[in-house]
Amino acid sequence: MSDSRVPRRRRFLVCEPRHFAVQYAINPWMHPDAPVDVGRAQAQWQALMRAYRAHGHTVETVEPVPGLPDMVFAANAAVVVEGRVFGSLFHAPERRPESLPYEAWFKSAGFDVYHPESVCEGEGDLVPTGRWILAGTGFRTTREAHREVQEFFGVPVISLTLVDPYFYHLDTALFPLDEENVAYYPEAFSPGSREVLARLYPDAVIATGEDARAFGLNSVSDGRHVFISPGATALADQLADRGYVPVPVDLSEFHKAGGGIKCCTQEIRS
Ligand code: ARG
């Protein structure tokens, strides 16, 4: 069974955590008074980069900007589908300046960047899957932005409402395993959205609250290997039973900012 899962090589965009810090609180994980070890964060991040490269993925980097401590969370800067870039408009004023250096990177790499009119935090809330884009709302990205995303890509957008402030971005509560299936934590969603997910993904991997609080849903899958927080042990066991290969990578220093593996990773889909 485990040989039936086929990996697809990915192109990732990331930002080194040179200026990483917790200086403000825009989600319940963030406590500006608690210390952050930047050296440890750098070492953890480098281990993630090594894991990606060791599994055949390409990693490109945006130069970090001093004074933008959350810039390491590259996933929030855009969502890219079929080589088209839908940029970001951050909810928090502290993060708004991040859009510019990412846009500059995309432009220099030959991409045009669409500017959303409504608050939109890229892959934090927009999760492209095989046939549609799953879109989170409730804390950051607005429903108006979901309409803009659908209009821009011409791909169906399925709006899902998040209800737990600890899971303020869709990518903290759900991740795609491959084109066909997802893993998620039902309690992070409104009752109606839970029903939508159950209809779309009757065979989904259902995570526990413990998995979710360990940032287990903030994972990156290449279709076979799942780069996952080592704290999400029950979820990793379920994935292994389904023929996926969990690759544990500890980003615990980033959990202090409310982020994990997926948050640090923007996928450039061609
Ligand atoms: N401190 C950041 C924020 O609250 C963390 C972002 C995490 N990124 C993500 N894709 N969930 O905006």
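This text gives an overview of the structure that appears in the document. (Residues numbered from 1 in each chain as written. Predicted model: local features only at pLDDT ≥ 70, side-chain atom pairs only at ≥ 80, totals over all residues. Heavy atoms only, no water.)

**Considering the nonpolar core**
Membership of the largest hydrophobic core comes to 34 residues, with the highest contact counts inside it found for Leu134, Leu174, Phe189, Leu235 and Leu239. Contributing elements (two or more residues each) for this core: β8 (157-161), β9 (174-176), β10 (182-184), β13 (225-228) and α6 (233-241). The dominant element in this core, judged by the number of residues it contributes, is β10, at three residues. Of all hydrophobic cores here, the second largest spans 25 residues; its members include Phe20, Leu48, Phe73 and Val220. (Core = buried A, V, L, I, M, F, W, Y, C linked by side-chain atoms within 4.5 Å. Buried < 20%, exposed > 50% of the residue type's maximum accessible area, 1.4 Å probe, protein only. Helix = DSSP H or I, 4+ residues; strand = E, 2+ residues; numbered from the N terminus.)

**Let's talk about the site of the ligand**
Around the ligand, the structure places 16 residues, and the nearest of them are Asn27, Arg95, His169, Asp171 and Cys263. At a separation of 3.0 Å, a nitrogen atom of the ligand approaches a polar side-chain atom of Asp70. Contact distances for the ligand include 2.8 Å between a nitrogen atom and a side-chain N or O atom of Asn76. Within the complex, 100% of the 350 Å² of free accessible area of the ligand lies under protein. Residue composition of the shell around the ligand, grouped by class: six nonpolar, six polar and four charged. (Near = heavy atom within 4 Å. Polar contact = N/O pair within 3.5 Å; in protein donor to acceptor, adjacent residues only side chain to side chain. Areas by Shrake-Rupley, 256 points an atom, 1.4 Å probe, with all protein chains shown as cover. Nonpolar A, V, L, I, M, F, W, Y, C, P; charged D, E, K, R; others polar.)

**Describing the sheet that holds strand β5 (residues 113-114)**
If you trace the three strands from one edge of the open sheet to the other, you get β3-β4-β5, paired in mixed fashion. Each edge of the open sheet is held by one strand with a lone partner, namely β3 (79-81) and β5. Bridging between strand β4 (residues 84-86) and β5 involves two bridges; their strand directions are parallel. Note that in β5 the partner of Phe86 across the bridge is Tyr114. Packed on one face of the sheet, helix α3 (residues 143-153) meets β3, β4 and β5 and runs near 165 degrees to β4. (Pairing = 2+ DSSP bridges. Contact = heavy atoms within 4.5 Å. Axes fitted to C-alpha atoms, helices over the stretch in contact; angles between N-to-C directions.)

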